[in-house]
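Chain by chain, the residues run as shown.
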Amino acid sequence: MRKGVMRPGHVQIRVLDMDEALRHYVDLLGLVEMDRDSQGRVYLKAWTEVDKFSVVLREADRPGMDFMAFKCLSEEILEQLHQDLQTFGCGVEEIPAGELKDCGRRLRFLAPSGHHFELFASKQQTGKWGVANRNPEAWPRDLKGMKATRFDHCLLYGTELDRTLALFRDVLGFELAEQVVAPDGKRVAQFLTASMKAHDVAFIDHPEPGKFHHASFFLETWDDVLRAGDLISMTDTSIDIGPTRHGLTHGQTIYFFDPSGNRNEVFCGGDYHYPDHEPVTWDAEQLGKAIFYHDRQLNERFLTTLT
């Protein structure tokens, strides 16, 4: 039952060198720099997004994800979810409006997987970048690099997948769209959606909590994914795998790393999910095909390189 969580709102990523990170996220990935703050954080967005930012970069001494946030329909829903989170057993930290520039108050909580998440209901809307909201052109003419169109999802590695599913399903209203199940019936991967997308956040079972696998950005076509691969080679960017296709979600994808070692994905296509759809299930012994449909085997880097 959906409860007013609309979509991924932002992710805050730790980077080791801000100048290098901006060359990667702006010049290569194609995000747009929107602002900076007194803490030195840099705010970015993809060109089709209407909110002011979806990616926040923070310079730190180790890479990884600080938190991922979801936008709610209203302040009233945000307040109800505050109560529901506390009833579930999550400690909730209320972060005042303006701590992130031009973003309203946020509720931060720790999921059983070991990851910090946020909920918020208001953020300044600047509209699509370079395209008017009335009689809009097809796209801006001065986009850079891969021309990422939106921040789409994160894949996270952590503990207590069953309890994490209960939190996202029963409290936040997400649905289980796809899963990987071991022979003993244990769910070892889960792909959760608050929308019609194949997933808005995904989790893979891992003995260490709170690990970041990747942040993913949507492109429009397979040709765009192939072009992204060309740009990765042109810039000598570290690549993980691809271009290829997933079995899970059936998206067409390529994985690569930012200069700090954080993994990124750009992809196109993918399945859709309605509330009356049963979860799609993959058997764990088919995990290679589920992740990399063409090769049908996992590379060690994909499984073990986490931040």
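Calculation rules
Residues numbered from 1 in each chain as written. Predicted model: local features only at pLDDT ≥ 70, side-chain atom pairs only at ≥ 80, totals over all residues. Heavy atoms only, no water. Axes fitted to C-alpha atoms, helices over the stretch in contact; angles between N-to-C directions. Helix = DSSP H or I, 4+ residues; strand = E, 2+ residues; numbered from the N terminus. Parallel < 35°, antiparallel > 145°, perpendicular 65-115°, else oblique. Left-handed = near helix turned anticlockwise from the far one by under 90°. Contact = heavy atoms within 4.5 Å. Nonpolar A, V, L, I, M, F, W, Y, C, P; charged D, E, K, R; others polar. Disulfide = S-S within 2.5 Å. Buried < 20%, exposed > 50% of the residue type's maximum accessible area, 1.4 Å probe, protein only. Pairing = 2+ DSSP bridges. Patch = residues over 30% accessible without salt bridge, like charges linked within 9 Å, V, L, I, M, F, W, Y side chains within 5 Å. Areas by Shrake-Rupley, 256 points an atom, 1.4 Å probe, with all protein chains shown as cover. Salt bridge = Lys/Arg side-chain N within 4 Å of Asp/Glu carboxyl O.

### Let's talk about the packing of helix H2 (residues 75-88) against helix H3 (residues 161-171)
Item 1. Where H2 contacts H3, the axes come no closer than 11 Å and their chain directions differ by 150°. Overall, the two elements H2 and H3 adopt an arrangement that is roughly antiparallel. Crossing of H2 over H3 shows right-handed handedness. Within the contact between the two elements, H2 uses Leu81, Asp84, Leu85 and Phe88 and H3 uses Arg163, Ala166, Leu167 and Val171.
Item 2. Here the residues of the contact of H2 with H3 sort into 6 nonpolar, no polar and 2 charged.

### A closer look at the state of the cysteines
Item 1. Following the criterion strictly, the structure yields 0 disulfides and no others.
Item 2. In this structure Cys103 is a free cysteine whose sulfur lies 11 Å from that of Cys72, the closest cysteine sulfur available.
Item 3. Look at Cys103 and you get buried, because its relative accessible area is 4%.
Item 4. The structure places no disulfide on Cys268, whose sulfur is separated from the nearest cysteine sulfur, that of Cys154, by 19 Å.

### A word on the sheet that holds strand S2 (residues 32-36)
Item 1. Taken together, 8 strands build an open sheet; the order of strands is S2-S3-S4-S1-S5-S8-S7-S6 and the sheet is mixed. Edge positions in the sheet fall to S2 and strand S6 (92-95), since each has one partner strand and no second. With direction set aside, neighbouring strand axes in the sheet form an average angle of 25°.
Item 2. Where S6 meets strand S7 (residues 106-110), 4 bridges bridge the pair, whose relative direction is antiparallel. Bridging from a neighbouring strand, Ile95 pairs with Arg106 of S7.
Item 3. Here helix H1 (residues 18-28) sits on the sheet and contacts strand S1 (5-15), S2, strand S3 (42-45) and strand S4 (55-59); the angle it forms with S4, its principal contact strand, is near 160°.

### Describing a nonpolar patch on the surface
Item 1. A surface patch of nonpolar side chains, about 330 Å² in accessible area, is lined by Met196, Tyr272 and Tyr274.
Item 2. Position of Tyr274 relative to the elements: it lies in the loop between strand S16 (263-269) and strand S17 (280-283).
Item 3. A relative accessible area of 36% means that Tyr274 is categorised as partly exposed.

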